[in-house]
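Tertiary structure, described
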Amino acid sequence: MAQTNYNDLLAFLAVAREGSFTRAAAKLGVSQSALSQTIRALEERMDLRLLVRTTRSVSATEDGEHLLRTVAPRFDEIEAELAMLSERRSKPAGTIRISAGEHAALTVLQPAIARLLPLYPDINVEVIVENGMTDIVAARYDAGVRLGEQVAKDMIAVPISGDFRMAIVASPGYFAGRPPPVTPQDLTSHNCINMRLPTHGGLYVWEFAKDGKEINVRVEGQLVYNNLSMRVQAAKAGLGLACIPLDTAAPHVADGSLISVMEDWCRPWPGYKLYYPSRRHPTPAFTLLVEALRFPAKPL
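Notes on the side chain of Thr61
If you trace the backbone, Thr61 turns up in the loop between β2 (58-60) and α4 (62-90). Accessibility expressed as a relative area gives 13% for Thr61, which makes it buried. Side-chain polar atoms of Thr61 contact the backbone oxygen of Arg49, separated by 2.6 Å. A distance of 3.0 Å separates a polar side-chain atom of Thr61 from the backbone nitrogen of Gly64. Apart from residues no more than four positions distant in its own chain, Thr61 is found in contact with Arg49, Leu50, Leu51 and Val52.

Next comes the structure, spelled out in structure tokens:
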């Protein structure tokens, strides 16, 4: 038997279900004569009579009933799957991979993601915390987060936070018996908790500014960490002075576990930006995430 034309089968199903060539033709958007010819051609190819025609009605033969019973559910499944795929195209879905530093991931990405994901259950977000200057194209990330001044010019950059400041903090126990630093030069006599930079392997140079004067200090101390949370814990344990973001320090300063010093020397930094390649064609899901992160924030 020659391969059956699926359009012929769909025409048969319409007539059998409607019990009328007139109604089936209207549903399919074809003429009655064209529909009649289509059914006749199907019956000839199958060498089976599928429909009984009278002047008043159309009904399926036994073979037609069998075909209707076995084939119709399969076409229904196909239509349902196509409808689902169409809905997925119109409904934001998919996985978004982002590279970000620890502070940006906790203070900027996490709050925005917490607002977005409950509204869009088909969007998945993977955040990889890494403090180095990651090549997001080579690593197959959808986007990355860096301080504004660190974003390459060939990238699209979207502001996702305001400017922020660093804070120099230590525990009350650390300051027992020693004077707190007042100027950057005073740090040379203190035990400072250093941060190892992942990109070049060096230690972070503490940066200060006041009255238009900028001073960078290479501090020394017994501890070196490559993440923020360990520096906070070490400072609270009285192991030295730490240079950490002000928003991270604020709750610990408020509860008295840390003391902030040299506040007049702590310079502002440009805020974080979400960046991605200019040639990237954003998906609906990615566009939604960008809008959820955009600073200043807008209602979702």
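On we go from here.
Comments concerning the side chain of Glu102
Within the fold, Glu102 resides in helix α5 (residues 102-116). Of the side chains with opposite charge, Arg231 lies nearest to the buried Glu102, which makes no salt bridge, at 6.0 Å. From its side chain, Glu102 meets the backbone nitrogen of Ser229 in a polar contact 3.3 Å long. When neighbours within four sequence positions are excluded, Glu102 is seen to be in contact with Val129, Asn131, Asn227, Leu228 and Ser229.

Details of the packing of helix α1 (residues 6-18) against helix α2 (residues 21-28)
Contact geometry of α1 with α2 gives a least axis separation of 8 Å together with a crossing angle of 130 degrees. Overall, the two elements α1 and α2 adopt an arrangement that is oblique. Every pair of crossing elements has a handedness; the one defined by α1 and α2 is right-handed. Together, Ala11, Ala14, Val15 and Glu18 of α1 and Phe21, Arg23, Ala24, Lys27 and Leu28 of α2 make up the contact between the two elements. Residues of the contact of α1 with α2, tallied by class, amount to six nonpolar, no polar and three charged.

Some thoughts on the nonpolar core
Core analysis: the largest hydrophobic core is formed by 46 residues, its most contacted members being Val145, Trp206 and Leu241. Considering each element in turn, this core owes the most residues, seven residues, to α5. With residues near it in sequence (within four places) discarded, Val145 still touches Ile98, Ser99, Ala100, Gly101, Ala104, Leu109, Ile160, Tyr272, Lys273, Leu274 and Tyr275.

Focus on the packing of aromatic side chains
In this description, a pair of aromatic rings is defined by centroid distance and the angle of the planes. A complete count under the given rule lists four aromatic pairs for this structure. Ring centres of Tyr174 and Phe175 lie 5.5 Å apart, and the angle between their planes is 70 degrees; this geometry places the pair in the edge-to-face category. In this structure Tyr174 comes out as buried when scored by relative accessible area, which is 3%. You can call Phe175 buried: its relative accessible area is 11%. Ring geometry for Tyr276 versus Phe286: centroids 4.9 Å apart, planes at 85 degrees, classification edge-to-face. With a gap of ten residues between them, Tyr276 in strand β15 (residues 272-277) and Phe286 in helix α9 (residues 284-293) connect regions that are remote in the sequence. The burial state of Tyr276 is the same as that of Phe286; both residues are buried.

Structural notes on the state of the cysteines
Every disulfide links exactly two cysteines, by a covalent bond between their sulfur atoms. Enumeration over the complete set of coordinates arrives at zero disulfides. Not engaged in a disulfide, the cysteine Cys192 finds its nearest cysteine sulfur in Cys243; these two sulfurs lie 9.3 Å apart. When its relative accessible area of 0% is taken as the criterion, Cys192 is described as buried.

With respect to the confidence of the model for the protein
Across the protein, pLDDT averages 90, with 94% of residues at or above 70. Across the protein, the element-wise mean pLDDT spans from 80 in α4 up to 98 in strand β13 (residues 259-261).

Conventions adopted
Residues numbered from 1 in each chain as written. Predicted model: local features only at pLDDT ≥ 70, side-chain atom pairs only at ≥ 80, totals over all residues. Heavy atoms only, no water. Helix = DSSP H or I, 4+ residues; strand = E, 2+ residues; numbered from the N terminus. Buried < 20%, exposed > 50% of the residue type's maximum accessible area, 1.4 Å probe, protein only. Polar contact = N/O pair within 3.5 Å; in protein donor to acceptor, adjacent residues only side chain to side chain. Contact = heavy atoms within 4.5 Å. Lys, Arg positive; Asp, Glu negative; His and termini not counted. Salt bridge = Lys/Arg side-chain N within 4 Å of Asp/Glu carboxyl O. Axes fitted to C-alpha atoms, helices over the stretch in contact; angles between N-to-C directions. Parallel < 35°, antiparallel > 145°, perpendicular 65-115°, else oblique. Left-handed = near helix turned anticlockwise from the far one by under 90°. Nonpolar A, V, L, I, M, F, W, Y, C, P; charged D, E, K, R; others polar. Core = buried A, V, L, I, M, F, W, Y, C linked by side-chain atoms within 4.5 Å. Phe/Tyr/Trp six-rings, centres within 6.5 Å; stacked < 30°, edge-to-face > 60°. Disulfide = S-S within 2.5 Å. pLDDT = per-residue confidence, 0-100.

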